[in-house]
Amino acid sequence: MRTDAVVLLSGGLDSATALAIASRRDSRRCAALTIDYGQRHRTELDAARTVAAHLGAIDHRVVSIDLRAIGGSALTDDAIDVPTDRTDEQMTGGIPVTYVPARNLVFLSLALGYAEVLGADHLYLGVNAVDYSGYPDCRPEFIDAFSRTAALATKAGVEGAPITIHTPLIELTKAEIIRTGADLDVDYALTRSCYAPDDAGRACGVCDSCQIRRRGFADAGVADPTIYQPSRAYE
């Protein structure tokens, strides 16, 4: 079956919404691509499989790479603690230790290659430059630069049919993202966003990702389906 689009799917809220936009709003036949990069929050990998099925991906592939080999991030190095209970000022005051060096550069390159293999004309990812944690590889400037590079570095681009990269969430607030997904019947209970879940997969509630997610549901007026650790339960 022909595939129209590849969607980078982490298992989190944003990437699930991006897949829903590609498949349900834009009516594309989507293949989902998940990267197992050695992340400490591995519950998102199981979530990605469930979300891909829920949103009708015609294929879901998990590719493994080992970013723990270079470390440098709280998400790939157990010696670096995931920051918790940070204020808004702290969360917007610089690039946090949860930034994974070159992650989106690597992920986009893999997704671009996969799109070429499948003959897909479109690539979707759920990066966001509004309610985000200061990652430089989530900015429009990076996506624009990568798109230009992709047109030069691929057979599709050289032959005059470059793969179009879509970032439908990049200028939306977290609340707007959630409302968009809710309108597309995304089941956010299937998604995982926490950087420091417990062994049962329950969210910590206090890492940057949990705080942004929790506030997004509140601002959207949508019930938060996240299961938090008992000591971190929120109304």
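Owing to the predicted nature of the structure, the values given are computational and were not obtained by experimental measurement.

K.L.:
Is there a simple way to explain the pattern of salt bridges in this structure?
P.N.:
When charged atoms on two side chains of opposite charge get close, those side chains can pair. For the coordinates displayed, the defined rule picks out 11 salt bridges. For D4, the salt bridge is made with R29, and the minimal N-O distance between the two is 3.0 Å. One end of the pair, D4, is in the segment before β1 (5–8); the other, R29, is in the loop between α1 (13–25) and β2 (30–36), with 25 residues separating them in the sequence. By relative accessible area, which is 15% here, D4 ends up buried. A salt bridge links R215 to D88; the shortest N-O distance between them is 2.9 Å. Residue R215 is located in helix α8 (residues 208–220), and its partner D88 is located in helix α3 (residues 88–91); the two are separated by 127 residues in the primary sequence. Since its relative accessible area comes to 35%, R215 is described here as partly exposed.

K.L.:
Where do I start with the packing of aromatic side chains in this structure?
P.N.:
Aromatic rings considered in pairs are described by the distance between their centres and by the relative angle of their planes. Scanning the model with the defined rule gives four aromatic pairs in all. Summarising the aromatic geometry, the rings of Y188 and F217 are spaced 5.8 Å apart at their centres and angled 80 degrees between planes, so their arrangement reads as edge-to-face. Note that Y188 is positioned in the loop between α7 (174–183) and α8 and F217 in helix α8, a separation of 29 residues in sequence. Using a relative accessible area of 4% as the deciding quantity, one classes Y188 as buried. F217 gets classed as buried once you look at its relative accessible area, which sits at 1%. Sitting over the face of the ring of Y135, R103 holds its NZ or CZ atom 5.7 Å from the ring centroid.

K.L.:
Even after reading the chapter, I still don't get the sheet that holds strand β5 (residues 164–166), so can you show me in this structure?
P.N.:
The pairing of strands in a sheet happens through backbone hydrogen bonds and is either parallel or antiparallel. Taking strand neighbours across the sheet as the criterion, the five strands line up as β3-β2-β1-β4-β5 in an open arrangement whose pairing is parallel. Taken across any chain shown, the strands that pair with only one partner, and hence form the sheet edges, are β3 (59–64) and β5. This sheet shows a mean twist of 25 degrees between the axes of neighbouring strands, independent of strand direction. Pairing geometry for β1 and β2, over four bridges, is parallel. Bridged to L8 within β2 is L33. Seen against the sheet, α1 touches β1, β2 and β4 (122–124) and runs at an angle of roughly 165 degrees to β1.

K.L.:
I would appreciate a short explanation of the side chain of D14 in the present structure.
P.N.:
Its place among the elements puts D14 in helix α1. Judged by relative accessible area, which is 17%, D14 ranks as buried. One polar contact links D14 to K174, side chain to side chain, over a distance of 2.9 Å. Apart from the residues lying within four places of it in its own chain, the contact partners of D14 are G126, N128, L169, K174 and I177.

So, how was this worked out
- Residues numbered from 1 in each chain as written.
- Predicted model: local features only at pLDDT ≥ 70, side-chain atom pairs only at ≥ 80, totals over all residues.
- Heavy atoms only, no water.
- Salt bridge = Lys/Arg side-chain N within 4 Å of Asp/Glu carboxyl O.
- Helix = DSSP H or I, 4+ residues; strand = E, 2+ residues; numbered from the N terminus.
- Buried < 20%, exposed > 50% of the residue type's maximum accessible area, 1.4 Å probe, protein only.
- Phe/Tyr/Trp six-rings, centres within 6.5 Å; stacked < 30°, edge-to-face > 60°.
- Lys NZ or Arg CZ within 6 Å of the ring centre and 35° of its normal.
- Pairing = 2+ DSSP bridges.
- Axes fitted to C-alpha atoms, helices over the stretch in contact; angles between N-to-C directions.
- Contact = heavy atoms within 4.5 Å.
- Polar contact = N/O pair within 3.5 Å; in protein donor to acceptor, adjacent residues only side chain to side chain.

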